[in-house]
Structure formats: C-alpha cells, structure tokens
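Okay, here's what each chain looks like letter by letter:
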Amino acid sequence: MWGRRLACLLEVPGRLSGSAGPRSPWLPRDRRTIPAAAPRWHHTAPESLKCAWQLHGDHLELRYGDTLMRLDFVWLRDHCRSASCYNAKTSQRSLDTASVDLAIKPRAVRVDETTLFLTWPDGHVTRYGLEWLVKNSYEGQKQQVMHPRILWNADIYRRAQVPSVDCRSFLETNEGLKEFLQNFLLYGIAFVENVAPTKEDTEILAERVSLIRETIYGRMWYFTSDFSRGDTAYTKLALDRHTDTTYFQEPCGIQVFHCLKHEGTGGRTLLVDGFYAAEQVLQQAPDQFELLSKVPLKHEYVENVGGCHNHMIGVGPVLNVYPWNNELYLIRYNNYDRAVINTVPYDVVHRWYAAHRTLTTELRRPENELWVKLKPGKALFVDNWRVLHGREAFTGYRQLCGCYLTRDDVLNTARLLGLQA
C-alpha cells in the first residue's frame, strides 16, 4: 500500500511504459546508431527470457529474472564505475554529477547474460553487472530490508532463549563480539554477563562497540533516586514504557544500563519491542499507522535543577519509515516528554489521538511486556530507536550507571564483522 502511494506521488507523465509521453526507439544489440522503430522487447538471446530490455525517451526498462527495473539515463551515467568516474580504492565518486547533461541518452546499448553495456554520445562506455543493478535499483531496494529483525513479544523472546555473552569473550574475541551484535541487531536488546560492577568497567564495555555519545547528562552517568536532575527517572517511582531523548533532533541510538547496587525491593526493568507493536497497528489499522508516520510532533525537555539548565526540543513523527521500502526504523514514543501538540491541524488532531491510542494499547498489552531484574555484573544494551524501556517502583538504595552510544559506530562495528546492519 505504501509503495503504491509513493509511486503515485513520484510518477512523471511520459516516463512509464504505456504513458503518453515521447519515447525513443529500441536499441538493437549490435550498437548501431538507434534507428526509429516501433517499441519492442530485446532479449539477451532469442530463447532467453531471463533478461530483456527496451528503451524509452528518458529511461531504460530492463527485466532481469523477476525484477522489472526502470533506470533513468542520468542515473545510469552518474553511477558509472569506470576508472575515470569512480575511485575503487576509496569507494568514492569521481564524476561531477552536475556536469552530466540532464537530457543525456545512450548512443548504443548492448546486454549479454551478465552485463549491461551503454555507449554515451561522447564515446564513453559504462558497464553494469545485472546482479548489481538488481541490488541497487529502486525496485531492488524496495524488495529488501536494511536491517533484518525478529519481532517479539515476551513469549517469543523467552522461547528463543537468546544467550547472554560472557564479558571476557565480548572484550577479547571477535566471535563473542559478533554473537552479541547479532543478538542486538535481531532483537534490539542484548546482555553481557560477568561485568565488574563499576562505572569504569562499564565504560570499557561500551567502547568495545562504539564511541560514547556525550549529552547533557554527561559521558558516563550514575543514576540514583536523588532527584539530582529534573527528570522522573531520578526518583523511586515507576516509569511507563518510553524511548529516551525524544527531545533530541536525533534521539540517541543505543542505551547501556548496568545495575551496580540495589539494596531493597522492586525495580525490575520493563522492555517492549516497539516495532512488534507497530506491526500490529499496521496489520489492523494501516491508516492509523500512516498517520503516526506522517504527523510531526514536538518533544521537549525543560530542566532547572541545581547547575543544570536545559531546554531541548526535538521534532518528528512517532513512527519513522524509509520511503522506498516502508521499513520502520525509528519509534519516538515518550508520553512524559511530548510537548504541546500544535503541529497538527484541527481536522487531524482527533484522528491522531485515536491512532496514538491504538499504538499505546498494543504497547501496553501484558503479553508484550518483558520484565528483567538487572543485577550487578549484567549489562543491558537497548536499541533506543526500537525497544521501549521502563521500570517498576522500588525501595531502598538503587544505583545504575550507563551511557548512550552513537548508532552509526555500532552499525559500523557490525558491518566490519560481516553482519547486515
């Protein structure tokens, strides 16, 4: 549904097959100058249906396997991987995109079983592997996911029996680090066991996967119920499920928690897969899902406690999706920090509240709640763009430490270990 709506918005008259706009004749396979001829499909061989192509006025239509691609001529020239256009050593483009004629058309086209060859008016030849085109075209991208995931409720996660990773293996071996990151990418949470219960050891743990993101809360923080900051988290009260730093323009990507000491009762940590809940909304009420992904809201953090004076505002929808494949990549949900709703027109406000209620109902279903008792030595990493966290009220002295990590660096570490991230 999302892809069809996007296609309607992006469709340009005359560009798609069957439109009323001008078309160029088809290119023969022998690279002769393009003659005027009736449109027809060309195949890599008379008996082959694996690859076929035809030329339009401003794009090449290429069918390879089960994928039908419409490739703009400027795009085809811009992405040339020849030595003069692309530096393979640095993986950077050398071609000046602004120098490409926006009306450019290939002089000749040839396709064999694996490769597309384009000869441009100046004689330059561009070669593309057909598999590369499938992977990198818009049609190829919308069939793929950026980040493979396993959506979960409490029962699904428990039955998966996702193992924690031992601290020594995590710190000293690529195998341990890779196992941890694979768990984190799939489920949005991951645990490391046998960590020395100190802030310094927790910092070493965090730096194994990422740079630490310094924020208004500092680099590494201690967390107690002393109300030293203007935040409900710094109390003994229960906290409902939420994501952190929704009031940042770019919310922090990963949060690390390590309980160093708790002398008392209660205080269990609540974890909810926000993407699992959002998927239920998408299946049951797609129009409400769309509304939550389109309406921007303000989130705000105002603090005047001691020497801490801050006024942060972040703007964005509750659900954020990639437009090319409709993949959800970020949920911004925090009822504590949501500011006055003044970015929504009157005729949308009530529908937004109904959509928010539907999502909240899913997030609060008991079967979606995973409760974990954090203890000294067990560190928890949470994907703050996906998994909501909270806690039950507690008694006694409870001290946590932790930090935020830069998301880009965590994903970079995962890719270097061969993981899709």
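Cut-offs applied
Residues numbered from 1 in each chain as written. Predicted model: local features only at pLDDT ≥ 70, side-chain atom pairs only at ≥ 80, totals over all residues. Heavy atoms only, no water. Core = buried A, V, L, I, M, F, W, Y, C linked by side-chain atoms within 4.5 Å. Buried < 20%, exposed > 50% of the residue type's maximum accessible area, 1.4 Å probe, protein only. Helix = DSSP H or I, 4+ residues; strand = E, 2+ residues; numbered from the N terminus. Contact = heavy atoms within 4.5 Å. Pairing = 2+ DSSP bridges. Axes fitted to C-alpha atoms, helices over the stretch in contact; angles between N-to-C directions. Phe/Tyr/Trp six-rings, centres within 6.5 Å; stacked < 30°, edge-to-face > 60°. Lys NZ or Arg CZ within 6 Å of the ring centre and 35° of its normal. Polar contact = N/O pair within 3.5 Å; in protein donor to acceptor, adjacent residues only side chain to side chain. Lys, Arg positive; Asp, Glu negative; His and termini not counted. Salt bridge = Lys/Arg side-chain N within 4 Å of Asp/Glu carboxyl O.

(A) Seen up close, the nonpolar core. In this structure, Phe 170, Phe 180, Leu 181, Val 209, Phe 381 and Leu 405 are the most contacted members of the largest nonpolar core, which totals 28 residues. Put simply, the parts of the chain that give this core at least two residues each are helix 6 (167-172), helix 7 (174-187), strand 11 (189-193), helix 8 (199-207), strand 15 (254-263), strand 22 (379-383), strand 24 (397-405) and helix 12 (407-416). Take this core: its biggest share by element is five residues, from helix 7. Not counting residues within four places of it along the chain, the set of residues in contact with Leu 181 comprises Val 209, Val 410, Thr 413, Ala 414, Leu 417 and Leu 419.

(B) Representation of the sheet that holds strand 23 (residues 387-391) within the structure. Reading across from one edge, 14-23-16-21 is the order of the four strands in this open sheet, with antiparallel pairing throughout. Lying at the two open borders of the sheet, with one neighbouring strand each, are strand 14 (239-242) and strand 21 (370-372). Pairwise comparison of adjacent strand axes, ignoring direction, gives a mean angle of 20° for this sheet. In the sheet, strand 16 (residues 269-273) pairs with strand 21 via three bridges, with the strands oriented antiparallel. Bridging from a neighbouring strand, Thr 269 pairs with Val 372 of strand 21. Sheet strands in contact with helix 9 (residues 274-284) are strand 16 and strand 23, and its direction is about 40° off that of strand 16.

(C) Quick peek at the environment of Tyr 187. Tracing the chain through its elements places Tyr 187 in helix 7. Between the C-alpha atoms of Tyr 187 and Val 387, which are 200 residues apart in sequence, the distance is 8.7 Å. With near-sequence residues (within four places) excluded, Tyr 187 lies in contact with Ile 150, Trp 152, Tyr 157, Ala 160, Val 162, Arg 386 and Val 387.

(D) The packing of aromatic side chains, seen in detail. Counted according to the given criterion, the structure contains 18 aromatic pairs. With 4.8 Å between their ring centres and 75° between their planes, Phe 180 and Phe 381 make a pair best called edge-to-face. Pair noted here: Phe 180 is in helix 7 and Phe 381 is in strand 22, with a separation of 201 residues, a long-range link. A relative accessible area of 2% places Phe 180 in the buried class. The structure contains a cluster of three or more aromatic residues connected by ring pairs, namely Phe 170, Phe 180, Phe 184 and Phe 381. Its end group placed over the ring of Tyr 86, Arg 81 keeps NZ or CZ at 4.0 Å from the ring centre. For the cation-ring pair, Arg 110 lies above Phe 117, with the distance from its terminal atom to the ring centre recorded as 4.0 Å.

(E) Broad picture of helix 9. Among all positions in helix 9, only Gly 274, Phe 275, Tyr 276, Ala 277, Ala 278 and Val 281 are buried. Regarding helix 9, its N-cap is Asp 273, as a side-chain oxygen of that residue lies 3.1 Å from the backbone nitrogen of Phe 275 further along.

(F) Up close: the side chain of Asn 368. Residue position: Asn 368 is located in the loop between helix 11 (346-363) and strand 21. A relative accessible area of 3% means that Asn 368 is categorised as buried. When neighbours within four sequence positions are excluded, Asn 368 is seen to be in contact with Asn 153, Ala 154, Leu 271, Val 272, Tyr 276 and Glu 362.

(G) The arrangement of the side chain of Glu 61 in detail. As for its position among the elements, Glu 61 is in strand 3 (residues 59-64). For the buried Glu 61, which has no salt bridge, the nearest side chain bearing the opposite charge is Arg 70, at an N-O separation of 4.6 Å.

(H) Up close: unusual backbone geometry. Of note, the phi angle at Asn 194 is positive, near 65°, even though the residue is not glycine. Mapped onto the secondary structure, Asn 194 falls in the loop between strand 11 and helix 8. Positioned with a positive phi, Thr 245 is a non-glycine residue whose angle comes to about 50°. By the secondary structure assignment, Thr 245 is in the loop between strand 14 and strand 15. You can call Thr 245 buried: its relative accessible area is 1%.

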